[in-house]
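Descriptive structure summary
As a plain string of letters, each chain reads:
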Amino acid sequence: MTVTFEVRDGVGTIQLDRPPMNALDVAIQDRLRELAEEATRREDVRAVILYGGEKVFAAGADIKEMQAMDHTAMVLRSKDLQDAFTAVARIPKPVVAAVTGYALGGGCELALCADFRIAADNAKLGQPEILLGLIPGAGGTQRLARLIGPSRAKDLIFTGRMVKAEEALTLGLVDRVVPAAEVYDRAHAWAAKLAKGPALALRAAKESIDAGLETDIDTGLTIERNWFSGLFATEDRERGMRSFVEEGPGKATFL
């Protein structure tokens, strides 16, 4: 199995397992979509980690496989490629990428699908597709520009250069840099904390932010208002407010 899925303490870990570099071939892409859909459906999964193992996150696409594709083959494949990554990005639960070693090309694009990125101090990230005469095709031109701004995204995409973890942190490409040996544990701690939170409110927050970024402010405010008022019909809202009144802030437990 080139991608595994294990659940512990409400946290599902989607782990790439295709040594030595976790090259993202068609089989992995399709499996990522399947597991993203599974993580979305399963009620026992309340947060998700994307992980490539201790040595490398993912060094990019399987170039030998891509080299064999002509224009017609890629026209037919490219939507499935994007749909796989979009399925990960749209998991309606908190998602953290635990990035070790290389996260290049498709690997970087996969990390971009997470809500939060924790990188090892030895991580290197980038979109080197331009060096192959290509551009990112799994969301890189869109998600990277939205995350770090168009000018910084153009620098990385136009040059194809890799950035080390500290520069990635400065750019806003990752959110935290930790020692390599601690990456997965830190990611799991982040995910496990959120897994204990109110699932519907977390979903509402994620979808309001993500959908709002794709539209104008007035439409975004409407999305927020609809989710906000809708949460007043949930048991979690009742629990949270009752706990606040009776015990003080931050002490509520959610099912």
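Read on for a plain summary of the structure.

Time to look at the overall build of the protein. A tally of regular secondary structure across the protein gives 11 helices and nine strands. Within the protein, buried positions represent 43% of all 255 residues. In the protein, the share of contacts with a sequence separation of at least 24, taken over all contacts with a separation of at least 6, comes to 68%. For the protein, the computed accessible surface area is about 13400 Å², with 56% contributed by carbon and sulfur atoms.

Take the pairing of strand β4 (residues 95–99) next. Counted residue by residue, β4 has five buried out of five residues, so it is predominantly covered. Where strand β3 (residues 47–51) and β4 come together, four bridges link them in parallel fashion. Across the sheet, residue Val48 finds its bridge partner in β4, namely Val95. Taken together, the four bridges between β4 and strand β6 (residues 116–120) define a ladder with parallel strand orientation. Counted as the bridge partner of Ala98 is Ile118 from β6.

This part is about the sheet that holds β3. Pairing within the open sheet is mixed, and its six strands lie in the order β1-β2-β3-β4-β6-β9. Here the strands that pair on one side only, and so sit at the sheet edges, are β1 (3–8) and β9 (176–178). Between one strand axis and the next, the sheet turns by 20° as a mean value, whatever way the strands run. Summarising the sheet, β1 and strand β2 (residues 11–16) pair through six bridges and their orientation is antiparallel.

Moving on, we come to the packing of helix α9 (residues 199–213) against helix α10 (residues 217–230). One way to put it is that α9 packs onto α10 with a least axis distance of 9 Å and a crossing angle of 170°. By the angle between their directions, the pair α9 and α10 is classed as roughly antiparallel. The residues of α10 that touch α9, namely those facing Arg203, Ala204, Glu207, Ser208, Ala211 and Gly212, are Gly220, Ile223, Glu224 and Trp227. In the contact of α9 with α10, the residues fall into four nonpolar, three polar and three charged.

One pass over the structure, following the stated rule, counts zero disulfides. Note on Cys108: no disulfide assigned, nearest cysteine sulfur contributed by Cys113 at a separation of 10 Å.

Moving on to helix α8 (residues 183–195). With 13 residues, α8 should reach 18 Å at 1.5 Å per residue; the first-to-last C-alpha distance of 18 Å fits that figure. Regarding α8, the residues found buried are Val183, Tyr184, Ala187, His188, Trp190, Ala191, Ala192 and Ala195. Where the residues of α8 are buried, they touch β1, β2, β3, β4, β6 and β9.

This part takes up a nonpolar patch on the surface. A surface patch of nonpolar side chains, about 250 Å² in accessible area, is lined by Met21, Tyr102 and Met162. One can find Met21 in the loop between β2 and α1 (26–41).

Before going further, it helps to examine the sheet that holds strand β5 (residues 102–104). Spatially, β5-β7-β8 is the arrangement adopted by the three strands of the open sheet, whose pairing is mixed. In the strand order of this sheet, the two ends are held by β5 and β8 (162–164), each with one partner. On average, each strand axis in the sheet is tilted by 20° relative to the strand beside it, whichever way the strands run.

It is worth spelling out the nonpolar core at this point. Judged by nonpolar contacts, the single largest core of 47 residues is most densely connected at Leu50, Phe57, Leu125 and Leu173. With six residues, the top contributor of residues to this core is helix α3 (residues 71–89). Not counting chain neighbours up to four residues away, the residues in contact with Leu125 comprise Ala103, Leu104, Cys108, Arg161, Met162, Val163, Ala168, Leu173 and Val174. The next biggest cluster of nonpolar side chains, apart from the first, holds 17 residues, and it includes Ala47, Ile118, Trp190 and Ala195.

This part covers helix α11 (residues 235–247). Look at α11: 17 Å from first C-alpha to last across 13 residues, which is about the 18 Å you get at 1.5 Å a residue. Phi for Gly248, located one or two positions after α11, is positive at around 100°.

The next subject is the side chain of Thr100. Along the chain, Thr100 falls in the loop between β4 and β5. Taking relative accessible area as the criterion, Thr100 reaches 1% and is therefore assigned buried. Separated by 3.5 Å, the side chain of Thr100 and the backbone nitrogen of Val56 make a polar contact. When sequence neighbours within four positions are dropped, the list of residues in contact with Thr100 reads Tyr51, Gly53, Glu54, Lys55, Val56, Phe57, Ala120, Asn122 and Val183.

Here the focus is the packing of aromatic side chains. Aromatic rings considered in pairs are described by the distance between their centres and by the relative angle of their planes. Under the defined criterion, the tally for this structure stands at three aromatic pairs. An angle of 45° between the planes, with centres 4.9 Å apart, marks the rings of Tyr51 and Tyr184 as tilted. Residue Tyr51 is located in strand β3, and its partner Tyr184 is located in helix α8; the two are separated by 133 residues in the primary sequence. As far as the burial class goes, Tyr51 and Tyr184 line up, both buried. Arranged with centres 5.5 Å apart and planes meeting at 75°, the rings of Phe228 and Phe232 form a pair that is edge-to-face.

Calculation notes
- Residues numbered from 1 in each chain as written.
- Predicted model: local features only at pLDDT ≥ 70, side-chain atom pairs only at ≥ 80, totals over all residues.
- Heavy atoms only, no water.
- Helix = DSSP H or I, 4+ residues; strand = E, 2+ residues; numbered from the N terminus.
- Buried < 20%, exposed > 50% of the residue type's maximum accessible area, 1.4 Å probe, protein only.
- Contact = heavy atoms within 4.5 Å.
- Areas by Shrake-Rupley, 256 points an atom, 1.4 Å probe, with all protein chains shown as cover.
- Pairing = 2+ DSSP bridges.
- Axes fitted to C-alpha atoms, helices over the stretch in contact; angles between N-to-C directions.
- Parallel < 35°, antiparallel > 145°, perpendicular 65-115°, else oblique.
- Nonpolar A, V, L, I, M, F, W, Y, C, P; charged D, E, K, R; others polar.
- Disulfide = S-S within 2.5 Å.
- Expected span 1.5 Å × (residues − 1).
- Patch = residues over 30% accessible without salt bridge, like charges linked within 9 Å, V, L, I, M, F, W, Y side chains within 5 Å.
- Salt bridge = Lys/Arg side-chain N within 4 Å of Asp/Glu carboxyl O.
- Core = buried A, V, L, I, M, F, W, Y, C linked by side-chain atoms within 4.5 Å.
- Polar contact = N/O pair within 3.5 Å; in protein donor to acceptor, adjacent residues only side chain to side chain.
- Phe/Tyr/Trp six-rings, centres within 6.5 Å; stacked < 30°, edge-to-face > 60°.

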